[in-house]
Amino acid sequence: MAIEQTLSIIKPDGVEKNVIGKIIARFEEEGLTPVGIRMVHLSQQEAEGFYAVHRERPFFGELVEFMTRGPVVVMALEGDNAVAKNREVMGATNPDDADEGTLRALYASGIEENTVHGSDSLENAAIEIKYFFSDIQVFPRG
Ligand code: IDP
Ligand code: MG
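Residues numbered from 1 in each chain as written. Chains lettered and ligands numbered in written order. Predicted model: local features only at pLDDT ≥ 70, side-chain atom pairs only at ≥ 80, totals over all residues. Heavy atoms only, no water.

### Details of the packing of aromatic side chains
Following the criterion strictly, the structure yields four aromatic pairs and no others. Plain terms: the ring middles of Phe50 and Tyr51 are 5.0 Å apart, the flat faces sit at 80° to each other, and that makes the pair edge-to-face. For the pair Phe50 and Tyr51, one class covers both residues: buried. Taking 5.2 Å as the distance between ring centres and 80° as the angle between the ring planes, the aromatic pair formed by Tyr131 and Phe132 counts as edge-to-face. On the accessibility criterion, Phe132 (7% relative accessible area) is buried. (Phe/Tyr/Trp six-rings, centres within 6.5 Å; stacked < 30°, edge-to-face > 60°. Buried < 20%, exposed > 50% of the residue type's maximum accessible area, 1.4 Å probe, protein only.)

Structural data, given as structure tokens:
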């Protein structure tokens, strides 16, 4: 296994439910160490840019509206196999399909308001971390 970095976002519903601390604690327990953290209230343009790959999907407008309705917590997480590990801890996109104990099974209220984002590949992780963090805002722990 290799040390990787991945991007995590605690979405507006997670912030509203006051589970920022629980989610970060879980990542730390699972070996996913936050090496960059900031809170941001995305503009429409920033949310559209982040989710540009979904531009043609029917839910794109609603997704952007949801992601901009309040602040989010963006994190660079580091650890062994971090991209896949984060996806495992998050659970399936639709919380009805998410394994018991995953973050989405625990906290998500629906397929859209699903509490957390996680990069889906190492390549996209690098792109997504750069979208939110400059090099001097990330503190690799190795
Ligand atoms: P992922 O977050 O598990 O990688 P994606 O397919 O990349 O899932 O979708 C990005 C986000 O778009 C999801 O996390 C969710 O918030 C939203 N989304 C995905 N599918 C639907 C849908 O069918 N209806 C509404 N929102 C959706
Ligand atoms: Mg995705």
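### Things to note about the site of ligand 1
The immediate surroundings of ligand 1 are formed by Lys11, His54, Arg57, Phe59, Leu63, Arg87, Thr93, Arg104, Ile111, Glu112 and Asn114. In this structure, Lys11 approaches ligand 1 through a side-chain N or O atom, which is 2.9 Å from an oxygen atom. In the environment of ligand 1, an oxygen atom lies 3.1 Å from a nitrogen or oxygen atom belonging to the side chain of Arg104. Expressed as a share of its isolated accessible area of 530 Å², the protein-covered part of ligand 1 is 81%. According to the grid-proximity analysis, the pocket containing ligand 1 is the largest pocket. Of the residues in the shell around ligand 1, the class split is three nonpolar, three polar and five charged. (Near = heavy atom within 4 Å. Polar contact = N/O pair within 3.5 Å; in protein donor to acceptor, adjacent residues only side chain to side chain. Areas by Shrake-Rupley, 256 points an atom, 1.4 Å probe, with all protein chains shown as cover. 1 Å grid on protein atoms, 1.4 Å probe; cavity = no way out; pocket = protein on both sides within 12 Å on 5 of 7 lines; lining within 4 Å. Sits in = over half its atoms within 2 Å of the grid points. Nonpolar A, V, L, I, M, F, W, Y, C, P; charged D, E, K, R; others polar.)

### Looking at the side chain of Asn114
For Asn114, the location among the structural elements is in the loop between α6 (103–107) and β4 (116–118). Given a relative accessible area of 2%, Asn114 falls into the buried group. A distance of 3.2 Å separates a polar side-chain atom of Asn114 from the backbone oxygen of Thr93. In this structure the side chain of Asn114 is engaged in a polar contact, spanning 3.3 Å, whose partner is the backbone oxygen of Ile111. If near-sequence neighbours (up to four positions away) are discounted, Asn114 is found in contact with Lys11, Asp13, Thr93, Arg104 and Ala108. (Helix = DSSP H or I, 4+ residues; strand = E, 2+ residues; numbered from the N terminus. Contact = heavy atoms within 4.5 Å.)

### Some words on the environment of Lys85
Its place among the elements puts Lys85 in helix α5 (residues 82–90). Put simply, Lys85 and Asp99 are 14 residues apart on the chain and 14 Å apart in space, counted from C-alpha to C-alpha. Those residues in contact with Lys85 that sit more than four places away from it in its chain are Glu30, Leu32 and Asp80.

### Remarks on the sheet that holds β4
As summarised here, the arrangement of the four strands in space is β2-β3-β1-β4, forming an open sheet in which the pairing is antiparallel. Of all the strands in the sheet, just β2 (33–40) and β4 have a single pairing partner and so form its edges. Each neighbouring strand pair of the sheet contributes to a mean axis angle of 20°, computed without reference to strand direction. Of the strand pairs in this sheet, β2 and strand β3 (residues 72–80) are connected by seven bridges, and their pairing is antiparallel. Bridged to Gly36 within β3 is Ala76. (Pairing = 2+ DSSP bridges. Axes fitted to C-alpha atoms, helices over the stretch in contact; angles between N-to-C directions.)

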